[in-house]
Amino acid sequence: MGILRGLLEKRSHPSNPSDKIVQLFGGGSQAYTGRFINTDQAMRYPVFAACVGVISSAAMTLPWFIYEYKKDDKKEIARKFSLYGLLHDQPHPNWTSADFVEFILVCLLTNGNFYALIERTEGGVITKLTPIHPSRVRIDYVKLLKDDPELVFYYQPKNGGAEIPLFLGRDLFYIRGMSLDGICGVSPIRMLMEAIGLGLAAEEFGAKLFGNGASPRGVLLHPNKLNGEKAKDLREQFERANSGLDNVNRVAVLEEGMKFESISLAADEAQFLETRKFQRSEIYGAMRVQAHKVGDLEHATFSNIEHQNIEFVQSTMLPWMRRIEQCARRDLLSTTEKLLYSIEFKLDGLLRGDIKTRYEAYAIGRQNGFLSGNDIRDLENMEPYEGGEIYWRPVNMVPADTPVAVPKEARTNNPYLIGLQEITQERRNHDAVIAEIKNVIADAVQRSVSKESKALTRQVEKVSRGGTLKEFQSWTDEFYGQFRTEMTTTLMPAVRALGALTEGFSDKAIDDIVGKHVERSIQLIGEIMSGDLGLSDKLKEMTRAISEWKETRKDELLDLLEDKANGS
């Protein structure tokens, strides 16, 4: 007992106690199932390995940036800062940034701690971050002179030899997972040891069950008394003939009046499948990973998976990335640098919705003045365009007495031009302003044509369910009477703004252009619905035409507006 107590008490805070015991006794901590659970065994349990893979793989896709604080609380990417290239691109000659971040998460999710050696120049500039395995580090408190005790890390080199003391920030980059003592992170594997052990035991049970051809265990009854050697030979012969997948469904032949009686439970009676399902959910629940991420789609729907993805970012990824950010700030930035720089992961990529959702969000940002055209293009990894830096703002959200700089050409109180913010000399470029207004017009045209197409589609579907051609014609006349007015109202402000700069528009001209669009729509509908085809075929042809209108009719209307703007 004295020797064991000395071995275990010598290091009060080993980085990974289970791995130390593994090295001493050749196994892991023993679960109640009898399995020895260590990192290697845990990673052989599919659902635990999947959870580690999901989180670490998601983390490695996130870009790691360093920002420099500027005046007025603004910040920009500090590409010239020496540490930027290490974190964003390559922290070590053999490690990319993605590899480095992935290894951080693997260590934290299996061991609870991550360590990396810091190498500096004589001037203190960090040149390399070298990850080290947590099993090679132990933690202790050391009292230095009259100061309070300081946390010291002792590193055991691979080639053996004496331990090397390391200090946070100076020699070591350290990230601690959840801790129960505030000193060392707790290994998730140790915390989930029983759950992992039960899951592995269930897998082993299933493997052995099918290895025996799913045949139940039992006893052979012989009418005569057998000596030990004969009984052993008889059992081995029976197992060879009837066990294993190669012998499934083969007929067993019993001689000398022998009988076979089963003495084991069936797999469903032992609730084998239920146990495996429960263990899966218990593991990914403890790891805060949503079910569909590890392939459990039993309760998944198209509507709830999107929200579960958002929850994954907010409840799973965000806490881990904030922990890494703050530890990096503590250990990798000097006191002065902490006032000038911030280290951040950009999680926007994990929150990207489908293209329709993103574009709707961009439209809200653009219309409310906090996103410019180039801001949106940057979010979509697109090149900026000239004039795209202009921000629009709703006039009804600006105090009435707010002064606004307006181009000299704008001689009307148009809300789209009044909505421009203070325009610098560069932004007074005539063509850039026209380009911005044309973008607004194109958006208004798109919305109007889309509304027209949706209304026609609904009416075609209504007729296909029992309506008549006469009802459809009556609806068309009524709809386009209202639609012409609505479309003119939608386009009028933006087109007036363009007219203020090009002198090519009047209210009557706008109404005439919308009128031509409506007349053309009614003409196309009439050509389809008055043909010789049956009603069913007419509706099919109408549906096909409507699907093309979203682009063709929009382009036709924009061409009319463009011709008018050019004085044609």
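## Quick notes on the pairing of strand β9 (residues 150-155)
Reasoning step 1: With 5 of 6 residues buried, β9 is to be regarded as a mostly interior element.
Reasoning step 2: Sheet topology places strand β8 (residues 137-142) next to β9; 6 bridges connect them, and they run antiparallel. Bridge pairing in β9 places I139 opposite F153.
Reasoning step 3: Sheet analysis places β9 next to strand β10 (residues 164-167), joined by 4 bridges and oriented antiparallel. Bridging from a neighbouring strand, V152 pairs with F167 of β10.

## Quick notes on helix α6 (residues 97-110)
Reasoning step 1: For α6, spanning 14 residues, the distance from its first C-alpha to its last is 20 Å, which sits close to the expected 20 Å at 1.5 Å a residue.
Reasoning step 2: If you check which residues of α6 are buried, you get S97, F100, V101, I104, L105, C107, L108, L109 and T110.
Reasoning step 3: One or two steps after α6, the chain reaches G112, where phi turns positive at roughly 95 degrees.

## Observations regarding the packing of aromatic side chains
Reasoning step 1: Under the definition given, this model contains 15 aromatic pairs.
Reasoning step 2: Ring geometry for F479 and Y480: centres 5.0 Å apart, planes at 80 degrees, overall edge-to-face. Considered together, F479 and Y480 belong to a single accessibility category, that of buried residues.
Reasoning step 3: Considering the side-chain rings of Y480 and F483, the 6.0 Å spacing of their centres and the 90 degrees angle between planes classify their relative orientation as edge-to-face.

## Points about the sheet that holds strand β11 (residues 172-176)
Reasoning step 1: If you walk across this open sheet you meet the 3 strands as β7-β6-β11, and the pairing is antiparallel. Each edge of the open sheet carries a strand with a single partner, namely β7 (126-132) and β11. Strand-to-strand, the axes of this sheet are offset by a mean angle of 25 degrees, without reference to chain direction.
Reasoning step 2: Relative to β7, strand β6 (residues 113-120) runs antiparallel, the two being bridged by 6 bridges. In the sheet register, L117 faces β7, and the bridge partner there is T130.
Reasoning step 3: Most of the contacts of α6 go to β6, to which it runs at about 140 degrees, and overall it touches β6, β7 and β11.

## Some thoughts on the side chain of S187
Reasoning step 1: Tracing the backbone shows S187 in the loop between β11 and α7 (188-191).
Reasoning step 2: Of note is the side chain of S187, whose polar atom sits 2.8 Å from the backbone oxygen of T110.
Reasoning step 3: In this structure S187 touches T110, N111 and G112, once residues within four positions along its chain are discounted.

## What about the nonpolar core?
Reasoning step 1: Judged by nonpolar contacts, the single largest core of 63 residues is most densely connected at F48, L83, F173, I283 and M321.
Reasoning step 2: If one sorts the elements of this core by residue count, helix α11 (residues 302-332) sits on top with 9 residues.
Reasoning step 3: In this structure, F483, M487, A545 and L557 belong to the second largest nonpolar core, which totals 36 residues.

## A few points about helix α4 (residues 46-60)
In an α-helix, one turn spans 3.6 residues, which is why side chains three or four residues apart end up on the same side.
Reasoning step 1: With 15 residues, α4 extends 21 Å from end C-alpha to end C-alpha; this agrees with the ideal 21 Å at 1.5 Å per step.
Reasoning step 2: Of all the residues in α4, the buried ones are V47, F48, C51, V52, V54, I55, S56, A58 and A59.

## Concerning the pattern of salt bridges
Reasoning step 1: One pass over the full model with this rule turns up 12 salt bridges.
Reasoning step 2: Among the ionic pairs, K70 bridges to E68, the shortest N-O distance being 3.7 Å.
Reasoning step 3: Since its relative accessible area comes to 38%, K70 is described here as partly exposed.
Reasoning step 4: Given the relative accessible area of 26%, E68 is considered partly exposed.
Reasoning step 5: In this structure, R544 engages E541 in a salt bridge whose closest nitrogen and oxygen atoms are separated by 2.4 Å.

## What about the confidence of the model for the chain?
Reasoning step 1: Scored by pLDDT, the chain has a mean of 75; 69% of the residues are at 70 or more.
Reasoning step 2: Taken as a whole, residues 1-27 scores under 50 in pLDDT and shows 38 contacts with residues more than four places along the chain or in a different chain.
Reasoning step 3: Within the model, the stretch residues 406-429 combines pLDDT values under 50 with 50 contacts to residues more than four positions away or in other chains.

## A short note on the packing of α4 against α6
Reasoning step 1: Two elements in contact, α4 and α6, have axes separated by 8 Å at closest approach and are oriented at 145 degrees. As α4 runs across α6, the sense of the crossing is right-handed. Residues F48, V52, I55, S56, S57, A59 and M60 of α4 pack against A98, V101, E102, L105, V106, L109 and T110 of α6.

Calculation notes
- Residues numbered from 1 in each chain as written.
- Predicted model: local features only at pLDDT ≥ 70, side-chain atom pairs only at ≥ 80, totals over all residues.
- Heavy atoms only, no water.
- Buried < 20%, exposed > 50% of the residue type's maximum accessible area, 1.4 Å probe, protein only.
- Helix = DSSP H or I, 4+ residues; strand = E, 2+ residues; numbered from the N terminus.
- Pairing = 2+ DSSP bridges.
- Expected span 1.5 Å × (residues − 1).
- Phe/Tyr/Trp six-rings, centres within 6.5 Å; stacked < 30°, edge-to-face > 60°.
- Axes fitted to C-alpha atoms, helices over the stretch in contact; angles between N-to-C directions.
- Contact = heavy atoms within 4.5 Å.
- Polar contact = N/O pair within 3.5 Å; in protein donor to acceptor, adjacent residues only side chain to side chain.
- Core = buried A, V, L, I, M, F, W, Y, C linked by side-chain atoms within 4.5 Å.
- Salt bridge = Lys/Arg side-chain N within 4 Å of Asp/Glu carboxyl O.
- pLDDT = per-residue confidence, 0-100.
- Left-handed = near helix turned anticlockwise from the far one by under 90°.

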